[in-house]
Amino acid sequence: SEELAEIKDKYSDERRTTIVKHAVGQFSAKDTIPNSPMIVALTTGGYVKRLSPMQFRSQQRGGKGVKGMTTKDEDEIQTLLHVMNHDDLLFFTNTGRVFKLPAYELPQGSRIAKGQAIVNLLQLQPDEVVTAILKSDLEDKTHLFMVTEKGTVKRTELTQFDNIRRSGLIAQKTIPGDRLKWVLATSGKDEILIVTKKGKAIRFPEEDVRAMGRAAAGVRGIKLGAGDIVVEAGEIADSKTSMLLVVMENGLGKMTSVEEYRFQGRGGSGVKAAQLTAKTGDIVGGCILQEGEDGDLICLSKQGQAIRMKLSDIPSRGRATQGVIVMRLKSNDKVATMSVVMEDKEGEEAVLEAAGEGQEEELEAILKEERRVKRAASAGKKKSA
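Everything quoted here is computed from the prediction, not taken from an experiment.

### Comments concerning the overall build of the protein chain
For the protein chain, the helix and strand inventory stands at 6 helices and 23 strands. In the protein chain, which comprises 385 residues, the proportion classed as buried is 44%. Sequence separation of 24 or more characterises 75% of the internal contacts of the protein chain that already satisfy a separation of 6 or more. Of the roughly 20,700 Å² of accessible surface on the protein chain, 48% is carried by carbon and sulfur atoms.

### Some words on the pattern of salt bridges
Inspection of every chain in the model, using the stated rule, returns 10 salt bridges. A salt bridge links Asp13 to Arg16, with the nearest nitrogen and oxygen atoms 3.2 Å apart. Neither Asp13 nor Arg16 differs from the other in exposure class; each is exposed.

### Some thoughts on the sheet that holds strand β8 (residues 143–148)
Strand order in the open sheet formed by 4 strands is β11-β8-β9-β14, and the pairing between neighbours is antiparallel. Each edge of the open sheet carries a strand with a single partner, namely β11 (180–186) and β14 (219–220). By the bridge criterion, 6 bridges tie β8 to β11 in an arrangement that is antiparallel. When the sheet's bridge partners are listed, Leu144 is paired in β11 with Ala185.

### Regarding the sheet that holds strand β7 (residues 130–135)
Pairing is antiparallel in the open sheet, where 4 strands are placed in the order β7-β4-β5-β10. For this open sheet the edge positions go to β7 and β10 (169–170), each flanked by a neighbour on one side alone. As paired strands, strand β5 (residues 97–102) and β10 are joined by 2 bridges and run antiparallel to one another. What sits directly across from Val98, in β10, is Leu169.

### Considering the side chain of Lys154
Tracing the backbone shows Lys154 in strand β9 (residues 152–157). One buried charged side chain, Lys154, makes no salt bridge at all; its nearest oppositely charged neighbour is Glu157, positioned 12 Å away. A polar atom in the side chain of Lys154 sits 3.1 Å from the backbone oxygen of Ala216. Ignoring any residue separated from it by four or fewer positions in sequence, one finds Lys154 in contact with Leu144, Phe145, Met146, Ala171, Gln172, Val209, Met212, Gly213, Arg214, Ala215, Ala216 and Gly218.

### Side note on the nonpolar core
If you look at the biggest cluster of nonpolar residues, it comprises 17 residues, and the most contacted ones within it are Val40, Leu89, Phe91, Ile118, Leu122, Val130 and Ile133. For this core, the elements supplying multiple residues, two or more each, are β1 (37–43), β3 (77–84), β4 (88–93), β5 and β7. With 3 residues, β1 is the single largest residue contributor to this core. In contact with Phe91, not counting residues within four places along its chain, are Arg97, Val98, Phe99, Leu101, Leu106, Ile118, Leu122, Val130, Ala132 and Ile133.

### Some remarks on a nonpolar patch on the surface
On the surface, a nonpolar cluster with roughly 370 Å² of combined accessible area is contributed by Leu4, Ile7 and Tyr11. Tracing the backbone shows Leu4 in helix α1 (residues 2–11).

### A look at unusual backbone geometry
One non-glycine residue, Asp127, lies in the positive phi region at around 70 degrees. Locating Asp127 in the fold gives a position in the loop between β6 (116–117) and β7. With relative accessibility at 74%, the residue Asp127 sits in the exposed group.

### Quick notes on the pairing of β4
The element β4 is largely enclosed, with a buried count of 5 among its 6 residues. As defined by bridge partners, β4 adjoins β5 across 5 bridges and the pair is classed as antiparallel. Pairing of Leu90 across the sheet is with Lys100, part of β5. Here β4 hands over to β5 after 3 residues, with Gly96 in that stretch at a positive phi of 90 degrees. In the sheet, β4 pairs with β7 via 5 bridges, with the strands oriented antiparallel. From the neighbouring strand, Phe92 faces β7, where its bridge partner is Ala132.

### Thoughts on the packing of aromatic side chains
Here the structure, examined in full by the defined rule, presents 2 aromatic pairs. Plain terms: the ring middles of Phe92 and Phe161 are 5.9 Å apart, the flat faces sit at 70 degrees to each other, and that makes the pair edge-to-face. Remark: Phe161 occurs in the loop between β9 and β10 and Phe92 occurs in strand β4; sequence separation between them is 69 residues. The same class applies to Phe92 as to Phe161, namely buried. Between Phe145 and Phe204, the ring centres sit 6.4 Å apart and the planes meet at 50 degrees, which makes this aromatic pair tilted. Of this pair, Phe145 sits in strand β8 while Phe204 sits in strand β13 (residues 200–205), placing them 59 residues apart in sequence. For Arg203, the ring lying beneath its charged end belongs to Phe263, and the centroid distance is 4.1 Å.

The rules behind these values
- Residues numbered from 1 in each chain as written.
- Predicted model: local features only at pLDDT ≥ 70, side-chain atom pairs only at ≥ 80, totals over all residues.
- Heavy atoms only, no water.
- Helix = DSSP H or I, 4+ residues; strand = E, 2+ residues; numbered from the N terminus.
- Buried < 20%, exposed > 50% of the residue type's maximum accessible area, 1.4 Å probe, protein only.
- Contact = heavy atoms within 4.5 Å.
- Areas by Shrake-Rupley, 256 points an atom, 1.4 Å probe, with all protein chains shown as cover.
- Salt bridge = Lys/Arg side-chain N within 4 Å of Asp/Glu carboxyl O.
- Pairing = 2+ DSSP bridges.
- Lys, Arg positive; Asp, Glu negative; His and termini not counted.
- Polar contact = N/O pair within 3.5 Å; in protein donor to acceptor, adjacent residues only side chain to side chain.
- Core = buried A, V, L, I, M, F, W, Y, C linked by side-chain atoms within 4.5 Å.
- Patch = residues over 30% accessible without salt bridge, like charges linked within 9 Å, V, L, I, M, F, W, Y side chains within 5 Å.
- Phe/Tyr/Trp six-rings, centres within 6.5 Å; stacked < 30°, edge-to-face > 60°.
- Lys NZ or Arg CZ within 6 Å of the ring centre and 35° of its normal.

Here it is, written out as structure tokens:
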């Protein structure tokens, strides 16, 4: 009794357990995982992972991942998404199906980790691949706008994707030979710009496409010529400050103001996005950017050549022009893919806000050093050229 009283006097504190009169319910993994910021990375080879923003930024700002992507055994990042651990994500596939998975169920890895094959996480069919990832809870967004490779478009209210079973649901009915490639989150008042391989582009208000159910096949967004396919689709919130970047297979590229593309009715043939000749080749890709945004353009060729340059180095040209040389290729080589890596200032602020007390100065120093390394690497490339 005396020993117990001594222990009580020495170690007693207030009760930490909450006693309730009703059942506490079931605990889930979500209750034990902190809601910290993460970046989800999906590669073209179908590997997915989540990693902390600091690890990802160290890799991207140093620019060390670009050369590795050029070899056969390496992979190229297809989609990057800033999320929180507790966010639910929507995974859209080329066959028009959609899956929902919380971010914390994705494997967490380091910046050099390969990730896990997404077929181990989602019930995909043979030859079915994920083409787009979006957050299910998007602020100020009311609709999802889908575009296929053959130019079919469809608009669906975001609320229709609230309840998705584990085995997935149909997001868009696709015809044989067509593939769902782009899923855009829109506000209901945005504009849509679609660019094709043969140099055509069409711009129309998203309201031209009525809202449809999930199982609908959609309507024609652009009328394609023989052998033509869609290579880029994007939403435009402010046409006055938006620019369209296009890259052609023989290494030419250019920026053009979106306002040079006049409005057309949905389903038209579009207007000329570039003056395509034997010198330029077909368009391999594009991207809609905002004026003043900083970032890099990465081009990869079929023979493994790679180049990374500042977007600000690409001049603005008229809609019906050939553009300028952005990548000098060897004979018989063509540009295979292009991608844009943006300078994410908002992401940096989110990382600093998420940091613990006393770590802000250390993290700011790391970000500053990474920016310095990137500038030095860019200057070294120009000097060697």
